[in-house]
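For reference, the chains in residue letters:
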Amino acid sequence: MSAPGQDRVLIFDTTLRDGEQSPGCSMTVAQKLRVARTLAEMGVDIIEAGFAAASPRDLEAIEEVARAVEGPTICSLARCHEADIAQAARALAPARKKRLHVFIATSPIHREHKLGLSPDQVVERAVAGVRLAREFCRDVEFSAEDAMRTEPAFLVDVISAVIEAGATTVNIPDTVGYTTPAEMAARVALLRSRVPGIDQVVISAHCHDDLGMAVANSLAAVHAGARQVECTINGIGERAGNCALEEVVMALKTRADHFGVETAIDTRGLYPASRQLAAIIGSFVPANKAIVGDNAFAHEAGIHQHGMLANRETYEIMRPEEVGIHRSTLVLGKHSGRHALAERVGQLGFTVTDVELEQLFVRFKHLADRKRQVFDADIEALLAGEAGETDMPWRLQSLHTTSSLGEGQIPSAAVALMGADGRSVREAATGDGPVDALLKAMARATAIDFELVSMRVRSVSEGEDAQGEAELTARIDGVLQAGRGVDTDIVAACAQAFLEIINRVSRQQGSRAPAWVQPAATPGHASPRASASG
Ligand code: KIV
Ligand code: ZN
């Protein structure tokens, strides 16, 4: 990738790598592809689609993104190991524009306790990694992991060596979120003054948010001359997360007078991207979150409202429309057609293929039959569903739950699920409440062993027939899995959320259908709970 002009900052999105590797944020290949398309649509320069050597699924996701997503450069992370670099190169092969991103830790604590390498050995490995990566790819990024806790003079040596070896971007991560804006600016200035050839490469910042300074530190790096920022949608990522893309982009745009740089991001895509990701990974965006939170543009205090009416700029430094928030009073209903739906989807900032629109329209009609008015929030909720996931090993055929209050009453649930082979499995369970009973019954029917970690429900729109959104996180085989469901019946929304988890786990692990629904099961051994559904 050629170096940007001095007034242009490259946006390197790592939602699908650093973001996805944090607990509860894992995504299927199809979901990663949807996020990647959204990022491309928004004008992100580089998409880090994964860490190819981490797992076969990571490799597959990078390959898929590389094959299907046009526009941005597609990147894979790799350690400075031959096998990692070869895997990354393989995953990136279909990409029109590709980047190989190699890293090694450089700080004394990592060198000594994690790698067991001397400073010279670290330099040697870094150089060898970059040289090998250059054999596969002209665009090579090098990251000095834990750069901000690395001795400044040693960092200068490492960065000088990798530039000589062929790195085209040098990244200085604040891996543990420890640094301050002043330190970050000083580190960039040091590299710019001491590293030979630094003007020929792009300096990048990759900041974690442990002390809440990831965005401030990234901006300080840009102010000092960095021309790439690594960030994630909603700031997801390891521990407290990464620099939030929407925040750093809007800071650079709103304070262009101060920073004097621009990005290629179409900022109207920020809010839709945030909502899409939140729905996919099953996490709420806090109401007071900068740029994309529900309250980010709300003005409640009387004195503020008065000022806003007189002149919006009294209290508003950005317009909600600039970040893709369109408050509309227009509602759709059961008589609205495909065209009206497509138009509304476009106005909300989403892009869908014809096939996705068809699937969406079916879900929309289904919802409109049960709900008088379909609001923007309902459409966003539908858009965020598992569209495109046709490979659903399990389908929920029916559910019945009872709640209870009073001595001796026990909440219960009965479910029927259809497996991939078309057979129906019926199960029942009791629990602390109807949802507890429901999840237990569904888990029994699908032979999944789970521990519920969290459950959140909320109303996505207004009125007595508002849709409820349920987000569940469950631990299955030691891995956190999130699922989301939306329905006018909140218990059904919980069932959908859990079904999403069950289906994802089933797809990941191969069929988890119990023996009695496997085609190989002999009729004589079939469980009485399983019945042919025709
Ligand atoms: O935080 C970090 O140091 C990283 C590197 C691998 C870039 O994510
Ligand atoms: Zn990181």
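Refer to the structure printed above.
This one's a predicted model, so the numbers in the text were calculated from it and none came from an experiment.

Thresholds applied
- Residues numbered from 1 in each chain as written.
- Chains lettered and ligands numbered in written order.
- Predicted model: local features only at pLDDT ≥ 70, side-chain atom pairs only at ≥ 80, totals over all residues.
- Heavy atoms only, no water.
- Near = heavy atom within 4 Å.
- Polar contact = N/O pair within 3.5 Å; in protein donor to acceptor, adjacent residues only side chain to side chain.
- Areas by Shrake-Rupley, 256 points an atom, 1.4 Å probe, with all protein chains shown as cover.
- Helix = DSSP H or I, 4+ residues; strand = E, 2+ residues; numbered from the N terminus.
- Nonpolar A, V, L, I, M, F, W, Y, C, P; charged D, E, K, R; others polar.
- Buried < 20%, exposed > 50% of the residue type's maximum accessible area, 1.4 Å probe, protein only.
- Donors = N, O, S within 2.8 Å, 3.2 Å for Na, K, Ca; no water.
- Patch = residues over 30% accessible without salt bridge, like charges linked within 9 Å, V, L, I, M, F, W, Y side chains within 5 Å.
- Salt bridge = Lys/Arg side-chain N within 4 Å of Asp/Glu carboxyl O.
- Pairing = 2+ DSSP bridges.
- Axes fitted to C-alpha atoms, helices over the stretch in contact; angles between N-to-C directions.
- Contact = heavy atoms within 4.5 Å.

Draft legend 1. Seen up close, the site of ligand 1. In the vicinity of ligand 1, the residues found are Arg17, Asp18, His101, Phe103, Ser143, Glu145, Asn171, Pro173, Thr175, His206 and His208. For ligand 1, an oxygen atom lies 2.6 Å from a polar atom in the side chain of threonine 175. Out of a free accessible area of 260 Å², ligand 1 has 94% covered by protein chains. Secondary-structure elements contributing two or more residues to the shell around ligand 1 are α1 (15-19), β4 (98-105), β5 (140-145) and β6 (169-174). Looking at side-chain class alone, the shell around ligand 1 contains two nonpolar, six polar and three charged residues.

Draft legend 2. How the structure looks around unusual backbone geometry. Notably, arginine 239 is not glycine yet its phi reads approximately 50 degrees, a positive angle. You can see arginine 239 is positioned in the loop between β8 (228-231) and α10 (245-254). Residue class for arginine 239 comes out partly exposed when judged on its relative accessible area of 47%. Not every positive phi belongs to a glycine, and alanine 447 is a case in point at roughly 60 degrees. Taking relative accessible area as the criterion, alanine 447 reaches 34% and is therefore assigned partly exposed.

Draft legend 3. Geometry of the coordination of the zinc ion (ligand 2). Taken together, Asp18 (OD), His206 (NE2) and His208 (NE2) make up the protein donors of the zinc ion (ligand 2), found 2.0 to 2.1 Å from the metal. Look at where the donors of the zinc ion (ligand 2) fall in the sequence and you get D-x187-H-x1-H. Placement of aspartate 18 in helix α1 and of histidine 206 in strand β7 (residues 202-207) is noted, with a sequence separation of 188 residues between them. Here aspartate 18 and histidine 206 have matching classes, each one buried.

Draft legend 4. Region of the structure containing a nonpolar patch on the surface. On the surface, a nonpolar cluster with roughly 300 Å² of combined accessible area is contributed by Leu452, Met455, Val457 and Ile490. Note on isoleucine 490: relative accessible area 34%, which makes it partly exposed.

Draft legend 5. Region of interest: the sheet that holds strand β1 (residues 10-13). Sheet architecture is closed into a barrel: eight strands sit in the order β1-β2-β3-β4-β5-β6-β7-β8, paired in parallel fashion. Between one strand and the next, the sheet's axes are offset by a mean angle of 25 degrees, whatever the strand orientation. In this sheet, β8 lies alongside β7 in parallel orientation, the contact comprising three bridges. From the neighbouring strand, serine 204 faces β8, where its bridge partner is glutamine 228. Where helix α3 (residues 56-68) meets the sheet, its contacts fall on β2 (46-51) and β3 (73-79), and the angle it forms with β2 comes to roughly 155 degrees.

Draft legend 6. Local environment of the pattern of salt bridges. Summed over all chains, the structure comprises 25 salt bridges. Between arginine 239 and aspartate 210 there is a salt bridge, with its nearest N and O atoms 2.7 Å apart. With arginine 239 in the loop between β8 and α10 and aspartate 210 in the loop between β7 and α9 (214-223), this pair connects stretches of sequence that are 29 residues apart. Given a relative accessible area of 31%, aspartate 210 falls into the partly exposed group. The partner of glutamate 322 in a salt bridge is lysine 253, with the nearest N and O atoms 3.3 Å apart. Highlighted residues: glutamate 322 in the loop between α13 (302-310) and α14 (338-347) and lysine 253 in helix α10, separated in sequence by 69 residues. A relative accessible area of 40% places lysine 253 in the partly exposed class.

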